[in-house]
Amino acid sequence: MARIEPIARDDLPQYEPIFELVEASMGFVPTSMPTMARIPKLFEAFAQLAGTVMNAGEIDRELVQMVAHVASTAAGCRYCQAHTAAHAAQIGVDTEKIEAVWEFETNELFTDAERAALRLARDAAQVPNLANDEHFDELGRHFADDQIVQIVATISLFGYLNRWNDTMATTLEPEPLAFASTHLSARGWEVGKHSS
């Protein structure tokens, strides 16, 4: 159960255009957003940053979601794990690939480029950060610098979201909850503190 109650959407008419964009993309408005809206400038800055990072267009949307998922899993945020996995499926990542994402080093579903990006996501999301020059040497074999910047920006954005949602015990919405319960529970996912 959320530690801070989100503001009701009806009480935030000034943000309805943002909510509508998010809803069109994800199918719902994440509970975290109307909680952030308690500080309007925080909400506005977050919405702009998230929109920029997730839609920069340097890497494909599928890889963005897999990077976000692996980073969130490495950080331990069950809320963001559910969100990123469900959104990955929604935009076309095969559920078999989502379920196998932690086998990316050896599973034939993943390309060498994806392995390099997911390896950085896993290692950079840990505390202390385990990213090193070898990660970037390998990334450079597959990605241009601007693409690497979007990969790191995605990991960094989810560093914020992982801390926010895990600390706030943000209530998980029905759509990602159903997806995660079906497709992530075999590898230990549970809703935990994010239940309603």
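Our structure is the block above this text.
Overview of the structure.

1. Re the overall build of the protein chain
Per the secondary structure count, the protein chain includes 10 helices and 0 strands. Ordered by position from the N terminus, the helices and strands of the protein chain form the series α-α-α-α-α-α-α-α-α-α. Taking 16 Å as the expected radius of gyration for a compact globule of 196 residues, we find that the protein chain reaches 16 Å, a close match to that expectation. Seen through its C-alpha atoms, the protein chain measures out along the principal axes to roughly 50 × 35 × 30 Å. Here the analysis covers contacts within the protein chain between residues at least 6 apart in sequence; of these, 68% occur between residues at least 24 apart. Carbon and sulfur atoms form 53% of the exposed surface of the protein chain, whose accessible area is close to 9,700 Å².

2. A few points about the environment of Ser 196
Position of Ser 196 relative to the elements: it lies in the segment after α10 (174-183). Looking at Ser 196, the relative accessible area reads 80%, which means it is exposed. The sequence separation of Ser 196 and Pro 174 amounts to 22 residues, and the corresponding C-alpha distance is 9.7 Å.

3. A word on the nonpolar core
In terms of nonpolar packing, the biggest core is built from 56 residues, with Val 67, Leu 118, Leu 139, Phe 143, Ile 151, Ile 155 and Leu 157 touching the most fellow members. Those elements giving two or more residues to this core turn out to be α1 (16-26), α2 (32-36), α3 (40-54), α4 (61-75), α5 (78-90), α7 (112-124), α9 (145-168) and α10. Once residues within four sequence positions are removed from consideration, Val 67 is found in contact with Ala 117, Leu 118, Ala 121, Ile 151, Thr 154 and Ile 155.

4. As for the pattern of salt bridges
All chains considered together, the criterion is met by 9 salt bridges. The closest approach of N and O atoms between Glu 16 and Arg 9, which form a salt bridge, is 2.6 Å. Among the residues examined, Glu 16 registers a relative accessible area of 22% and is labelled partly exposed. Between Arg 122 and Asp 123 there is a salt bridge, with the nearest N and O atoms lying 2.7 Å from each other.

5. Section: the packing of aromatic side chains
Using the criterion set out here, one finds 4 aromatic pairs in the structure. Where Phe 46 meets Tyr 160, the ring centres are 5.9 Å apart and the plane angle is 35°; that geometry is what we call tilted. Taken together, the residues span a long stretch of sequence, with Phe 46 in helix α3 and Tyr 160 in helix α9 at a distance of 114 residues. For Phe 46, a relative accessible area of 9% puts it in the buried group. Taking the centre distance of 6.1 Å and the plane angle of 35° together, the rings of Tyr 160 and Trp 164 count as tilted. In this pair, Tyr 160 and Trp 164 both sit in helix α9, 4 residues apart, roughly one turn of the helix. Residue Tyr 160 is classed as partly exposed on the basis of its relative accessible area of 30%.

6. Here we look at the packing of α4 against α5
One way to put it is that α4 packs onto α5 with a least axis distance of 8 Å and a crossing angle of 160°. By the angle between their axes, α4 is roughly antiparallel relative to α5. Where α4 crosses over α5, the two elements pack in a sense that is left-handed. Contacts between α4 and α5 pair Gln 65, Ala 68, His 69, Ser 72 and Thr 73 from the former with Cys 80, Gln 81, Thr 84, Ala 85, His 87 and Ala 88 from the latter. Looking at the contact of α4 with α5, its residues break down into 4 nonpolar, 7 polar and no charged.

7. Observations regarding unusual backbone geometry
Across residues other than glycine, the phi torsion is negative in most instances, and most of the peptide bonds are trans. Along the chain, Val 127 connects to Pro 128 via a cis peptide bond; the corresponding omega equals 0°. Positive phi is not limited to glycine here, since Ala 169 has a value of about 55°. In this fold, Ala 169 is placed in the loop between α9 and α10. Its relative accessible area of 1% is what places Ala 169 among the buried residues.

Rules behind the numbers
Starting afresh in each chain, residues are numbered from 1 along the sequence in its written order. In keeping with the model being predicted, local features are shown solely for residues with a pLDDT of at least 70 and side-chain atom pairs are shown and tallied solely at 80 or more, while totals for entire chains, interfaces and linings include all residues. Side-chain measures here rest on the full set of heavy atoms in the structure, leaving out hydrogens and waters. To qualify as a helix, a DSSP run of H or I must reach at least 4 residues; to qualify as a strand, a run of E must reach at least 2; elements of each kind are numbered from the N terminus. Taken over C-alpha atoms, the radius of gyration is set against a globule rule of 2.2 Å times the number of residues to the power 0.38. Working rule for contacts: check all heavy atoms of both residues, and any pair within 4.5 Å makes them a contact. Each accessible area is a Shrake-Rupley estimate made with a 1.4 Å probe; only the visible protein chains count as cover when residues are assessed. Here's how the labels work: a residue is buried when its accessible area is under 20% of the maximum for its type, exposed when over 50%, partly exposed in between, all with a 1.4 Å probe on protein chains only. Side-chain atoms within 4.5 Å are what join buried Ala, Val, Leu, Ile, Met, Phe, Trp, Tyr and Cys residues into a set we call a nonpolar core. By definition here, a salt bridge exists when the distance from a side-chain nitrogen of Lys or Arg to a carboxyl oxygen of Asp or Glu is within 4 Å. The pairing test for Phe, Tyr and Trp rings, Trp by its six-membered ring, is centres within 6.5 Å, and the orientation test on the planes gives stacked under 30 degrees, edge-to-face over 60, and tilted for anything in between. Every axis in this analysis is a line fitted to C-alpha atoms, fitted for helices over the stretch in contact. Angles between the N-to-C directions lie between 0 and 180 degrees. Here is the rule for angles: anything less than 35 degrees is roughly parallel, anything more than 145 is roughly antiparallel, 65 through 115 is roughly perpendicular, and the remaining ranges are oblique. Here a crossing is taken to be left-handed if its near helix is turned anticlockwise relative to the far helix by less than a right angle, and right-handed if that turn runs clockwise. For this classification, Asp, Glu, Lys and Arg are treated as charged, while Ala, Val, Leu, Ile, Met, Phe, Trp, Tyr, Cys and Pro are nonpolar and the rest, including Gly, are polar.

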